[in-house]
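# Chains, contacts and geometry: an overview
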Amino acid sequence: MPCKDIYATLGGDMDCYSNSSVAFENGKKFVINNRSKKSICKIHIDNCLIKDNNVRKCDFFFVIKEDQKFYLVELKGQSLDDAVEQIKSTFNILNSKIKQSAQDFIGVIVSSAVPKAADQKFKTLQQKIFKEHKLMIKRKQIHYEEVI
């Protein structure tokens, strides 16, 4: 099972783990198009692996076992600022256990359409997070597909 190793590292309820390559919530969708047939583990973070409501966390975490690549996924309505903070916080929590280079992580925000001003603000936040933490965060509207 692709989730066995990451489960041994992160723990929590086994119900939070699956071999799915899709996350879907409120009309937003993140898909890993697994053309190379790699081992994928999807971990439900919000109110599953991390249940504390006082902790900022993203919705899902995907692990590509063979590549040691990690996707922090937030399926969001409008607030990009919150989404960036949720990804950053989840990165810090999970990477304190995983201990991989920040370059192995990609934050992904799948959001509703946002006004141009909010998009520019996101780009500024994106650059700041990358400069401070070497964590790349991408954003797409409604549907995001990553081909591996």
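Described below are features of the structure shown in this document. Keep in mind that this is a model prediction, so the values were computed, not measured.

We now examine the environment of serine 112. Locating serine 112 in the fold gives a position in the loop between β7 (105-111) and α3 (116-133). Since its relative accessible area comes to 16%, serine 112 is described here as buried. With 31 residues separating them in the primary sequence, serine 112 and aspartate 81 have C-alpha atoms 13 Å apart.

Bringing the sheet that holds strand β2 (residues 22-25) into the picture now. Strand order in the open sheet made by the three strands is β2-β3-β9, with mixed pairing throughout. Of all the strands in the sheet, just β2 and β9 (143-147) have a single pairing partner and so form its edges. Strand-to-strand twist across the sheet, computed as the mean angle between neighbouring axes with direction ignored, equals 5°. In terms of strand pairing, strand β3 (residues 28-33) meets β9 through five bridges, oriented parallel. Residue pairing across strands places valine 31 opposite glutamate 145, the latter belonging to β9.

It is worth spelling out helix α2 (residues 80-98) at this point. With 19 residues, α2 ought to run about 27 Å at 1.5 Å a step, and its terminal C-alpha atoms sit 26 Å apart, in line with that. Every buried residue of α2 is listed here: Leu80, Ala83, Val84, Gln86, Ile87, Lys88, Ser89, Thr90, Phe91, Leu94, Asn95 and Ile98. Looking at the buried positions of α2, the neighbouring elements they touch are α1 (4-10), β5 (60-64), β6 (69-75), β7, α3 and β8 (136-141).

Let us look at α3. Here α3 contains 18 residues, and its C-alpha end-to-end distance of 25 Å stays within 8% of the 26 Å for a straight helix at 1.5 Å per residue. Those residues of α3 lying buried are Asp119, Phe122, Leu125, Gln126 and Ile129. Buried residues along α3 cover an arc of 120° about the axis, so they all sit on one side. Those residues of α3 that are exposed and aimed more than 90 degrees away from the buried face are Lys116, Ala117, Gln127 and Lys131. Positive phi appears at lysine 134, one or two residues downstream of α3, with a value of about 60°.

Attention shifts here to the sheet that holds strand β4 (residues 40-44). Spatial ordering of the open sheet is given by β1-β4-β5-β6-β7-β8, a layout of six strands whose pairing is mixed. With one partner strand each, in any of the chains shown, β1 (17-18) and β8 form the two edges of the open sheet. Summarising the sheet, β6 and β7 pair through six bridges and their orientation is parallel. Bridging across to β7, glutamate 74 finds its partner in isoleucine 109. In the packing of α2 onto the sheet, the strands contacted are β5, β6, β7 and β8, and the crossing angle to β7 comes to about 150°. Where α3 meets the sheet, it contacts β7 and β8, and its direction lies at approximately 155° from that of β8.

Turning next to the packing of α2 against α3. Put simply, α2 and α3 touch, their axes get as near as 10 Å, and they point 20° apart. When the axes of α2 and α3 are compared, the pair comes out roughly parallel. At the point where α2 passes α3, the crossing takes the right-handed sense. Residue-level inspection shows Leu80, Asp81, Val84 and Lys88 of α2 in contact with α3, the latter providing Ala118, Lys121, Phe122, Leu125, Ile129 and His133. Residue composition of the contact of α2 with α3, by class: six nonpolar, one polar and three charged.

Rules behind the numbers
Residues numbered from 1 in each chain as written. Predicted model: local features only at pLDDT ≥ 70, side-chain atom pairs only at ≥ 80, totals over all residues. Heavy atoms only, no water. Helix = DSSP H or I, 4+ residues; strand = E, 2+ residues; numbered from the N terminus. Buried < 20%, exposed > 50% of the residue type's maximum accessible area, 1.4 Å probe, protein only. Pairing = 2+ DSSP bridges. Axes fitted to C-alpha atoms, helices over the stretch in contact; angles between N-to-C directions. Expected span 1.5 Å × (residues − 1). Contact = heavy atoms within 4.5 Å. Arc of directions from axis to C-beta. Parallel < 35°, antiparallel > 145°, perpendicular 65-115°, else oblique. Left-handed = near helix turned anticlockwise from the far one by under 90°. Nonpolar A, V, L, I, M, F, W, Y, C, P; charged D, E, K, R; others polar.

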